[in-house]
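Descriptive analysis of the structure
These are the residues of each chain, in order.
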Amino acid sequence: VPSGKSTGGKEACVIVDNQSSYFGQSVWSIVEKINGDANMLLDISIDNPSDLDDYLIAADGTEDKSRLGANYTLPLSICCYKLFSHCLSLKLWRYIQCLTESKYTIPTPYFNILNGGVHSGNNISCQEIMVAFQESSFEKNLERAVELYYSLRDVIIEEFGLIFTSVGDEGGFAPPIKNLEEGLNLILKSAKKASITNFRIGLDLAANSFYSEVCMWLMVKVLMENLWPICIIDSLKTIQLPVLRILLQRPILTVGGICTDWLVIKSPSLLMI
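Not measured: the values here are computed from a predicted model. (Residues numbered from 1 in each chain as written. Predicted model: local features only at pLDDT ≥ 70, side-chain atom pairs only at ≥ 80, totals over all residues. Heavy atoms only, no water.)

1. Quick look at the overall build of the protein chain
We count it as follows: Only DSSP runs of H or I covering at least 4 residues are called helices, and only runs of E covering at least 2 are called strands; the numbering of each starts at the N terminus. What makes two residues a contact is simply this: any of their non-hydrogen atoms within 4.5 Å. Under the convention used here, a 1.4 Å probe and the Shrake-Rupley method define accessible areas, while residue burial counts only the protein chains that appear.
Scanning the protein chain from N- to C-terminus turns up 9 helices and 4 strands. When the elements of the protein chain are put in sequence order from the N terminus, they spell out α-α-α-α-β-β-α-α-β-α-β-α-α. The long-range share in the protein chain, meaning contacts at least 24 apart out of those at least 6 apart in sequence, stands at 62%. Accessible surface, the protein chain as shown: approximately 15300 Å² in total, 55% of it carbon and sulfur.

Here it is, written out as structure tokens:
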């Protein structure tokens, strides 16, 4: 469910109670509604759980789930799939694989190592800088991430001092860097120090929190003029289409790394570029 300090302007809506409980962020009414409507799962065929999704989409009738709330529709859908997989004594992922008749792969993990934006107190607009590795297994990817993370810590101590090894809201370091370029160079220096070469850098730009035409064009300029192994992860929320087309044409970007699941899940109409 899209909720937290930073959410996109086009993300699905979360309905809260707007009362004094939890600073106005309580969801008691949604919990009560879910518990009251859970019996509808009994009318869904175990072979067609998507019937529930179709019903919820039609019942809400909005692009952003603002009538029922994503924190109502999504938990009900998840409950349905978990219930049916349990009834069949299958793991959830295996049940979904059987329904879709698809092959399964383990997603490439992205590790959050530098924080900026609303998640830190430094001056970079980019919210999260992540790294991904292209090893043969998840375990190896995790091992490389740990090595780079602690190498980055050493580099931060060398350049800024031990006091700046505290972390941001998402667990990445938040040193007093002045811009995105400085952050990217810290990662390259850390990778070289740890003898790590086979990796990519992911950016959660969270453009909603800083977007302006000038700022975005400066961001593009930084990406175009330096050969960092970058793939954009979460920049499509407010980025202008001409800028996106330029980014997609650059050889420094891995197009397959551009994350479209945000669009498919929350606003599929935005895929029509």
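2. Comments concerning the nonpolar core
To be explicit about the condition: Only buried residues count toward a nonpolar core, which is a set of Ala, Val, Leu, Ile, Met, Phe, Trp, Tyr and Cys residues joined through side-chain atoms within 4.5 Å. Burial here depends on accessible area, computed with a 1.4 Å probe over protein chains only, as a share of the maximum for the residue type. Under 20% is buried, over 50% is exposed, and the range in between is partly exposed.
With 25 residues, the main nonpolar core has Ile129, Val131, Phe133, Leu148, Ile187 and Phe199 as its most contacted residues. Those elements that place two or more of their residues in this core are strand E1 (111-115), strand E2 (128-133), helix H5 (138-160), helix H6 (180-193) and strand E3 (199-204). Ile34, Leu56, Leu68 and Phe84 belong to the second largest nonpolar core, which has 14 residues in total.

3. Some remarks on unusual backbone geometry
Located in the positive-phi region is Asn18, a residue other than glycine, with phi close to 55°. By the secondary structure assignment, Asn18 is in the segment before helix H1 (28-37). Owing to a relative accessible area of 62%, Asn18 belongs among the exposed residues under this scheme. Unlike most non-glycine residues, Ser195 shows phi in positive territory, near 60°. By the element assignment, Ser195 lies in the loop between H6 and E3.

4. Considering the pairing of E1
Which entries qualify depends on this criterion: A pair of strands is considered paired only if DSSP assigns at least 2 bridges between the two.
The buried count for E1 comes to 5 of 5 residues, which makes it a mostly enclosed element. Strand direction decides the pairing type here: E1 and E2, joined by 4 bridges, are antiparallel. Bridging across to E2, Leu114 finds its partner in Ile129.

5. Section: a nonpolar patch on the surface
As a reminder, the rule being used: What goes into a patch is any residue over 30% in relative accessible area without a salt bridge, connected to like charges within 9 Å or, for nonpolar side chains (Val, Leu, Ile, Met, Phe, Trp, Tyr), within 5 Å. In what follows, salt bridge is the name for a side-chain nitrogen of Lys or Arg lying within 4 Å of a carboxyl oxygen of Asp or Glu.
Together, Ile106, Phe138, Leu142, Val146 and Tyr150 give the surface a local cluster of nonpolar side chains, amounting to about 500 Å² of exposed area. Relative to the assigned elements, Leu142 resides in helix H5. The class of Leu142 is partly exposed, set by a relative accessible area of 38%.

6. Focus on H5
How we decide: For a helix, the expected span equals 1.5 Å multiplied by the residue count minus one.
When the terminal C-alpha atoms of H5 are compared, their 32 Å separation across 23 residues agrees well with the 33 Å that a helix rising 1.5 Å per residue should span. Among the residues making up H5, those that are buried are Asn141, Ala145, Leu148, Tyr149, Ser151, Leu152, Val155 and Ile156. Its buried side turned inward, H5 meets E1, E2 and H6. Backbone geometry just after H5 places Gly161 at a positive phi near 105°.

7. Digging into the pattern of salt bridges
Following the criterion strictly, the structure yields 7 salt bridges and no others. Residues Lys33 and Asp37 are paired through a salt bridge, measuring 3.4 Å at the closest nitrogen-oxygen approach. On the criterion of helical spacing, the pair formed by Lys33 and Asp37 is a turn pair, its members being 4 residues apart in helix H1. A salt bridge links Arg144 to Glu147, with the nearest nitrogen and oxygen atoms 3.3 Å apart. Placement of both Arg144 and Glu147 in helix H5 is noted, with a separation of 3 residues, approximately one turn of the helix. When salt bridges with common partners are traced through the structure, they connect Glu135, Lys140, Glu143, Arg144 and Glu147 into a single cluster.

8. Describing the packing of helix H3 (residues 70-87) against helix H4 (residues 92-100)
Applicable threshold: To obtain an axis, a line is fitted to C-alpha atoms, over the contacting stretch when the element is a helix, and the angle between two such axes runs from 0 to 180 degrees between their N-to-C directions. Should an angle fall under 35 degrees it is taken as roughly parallel, and over 145 as roughly antiparallel, whereas 65 to 115 is taken as roughly perpendicular and any remaining angle as oblique. Following the grouping adopted for this structure description, the nonpolar residues are Ala, Val, Leu, Ile, Met, Phe, Trp, Tyr, Cys and Pro, the charged ones are Asp, Glu, Lys and Arg, and the polar ones are all others, Gly among them.
One way to put it is that H3 packs onto H4 with a least axis distance of 9 Å and a crossing angle of 95°. With respect to their mutual orientation, H3 and H4 come out roughly perpendicular. Packed against H3, whose contacting residues are Tyr81, Lys82, Phe84 and Ser85, the element H4 presents Leu92, Tyr95, Ile96 and Leu99 at the interface. By residue class, the composition of the contact of H3 with H4 is 6 nonpolar, 1 polar and 1 charged.

9. Here we look at the pairing of E3
Within E3, 6 of the 6 residues are buried, which leaves it mostly tucked inside the rest of the structure. Every second residue of E3 is oriented toward a common face, with Phe199, Ile201 and Leu203 on one face and Arg200, Gly202 and Asp204 on the other, all of them buried. Bridge count for E2 against E3 is 6 bridges, and the pairing is antiparallel. Bridged to Ile129 within E3 is Leu203.

10. Re the packing of H5 against H6
Worth spelling out the cut-off: The hand of a helix crossing depends on one turn: near helix anticlockwise from the far one by less than a right angle means left-handed, and clockwise means right-handed.
Close contact between H5 and H6 brings their axes to 8 Å; oriented N to C, the two are set at 115°. As H5 runs across H6, the sense of the crossing is right-handed. Between H5 and H6, the contacting residues are Leu148, Ser151, Leu152, Asp154, Val155, Glu158, Glu159 and Phe160 on the first element and Glu182, Leu186, Ile187, Lys189, Ser190, Ala191 and Lys193 on the second. Of the residues assigned to the contact of H5 with H6, the class counts are 7 nonpolar, 2 polar and 6 charged.

The values reported here are purely geometric and, on their own, carry no functional implication.
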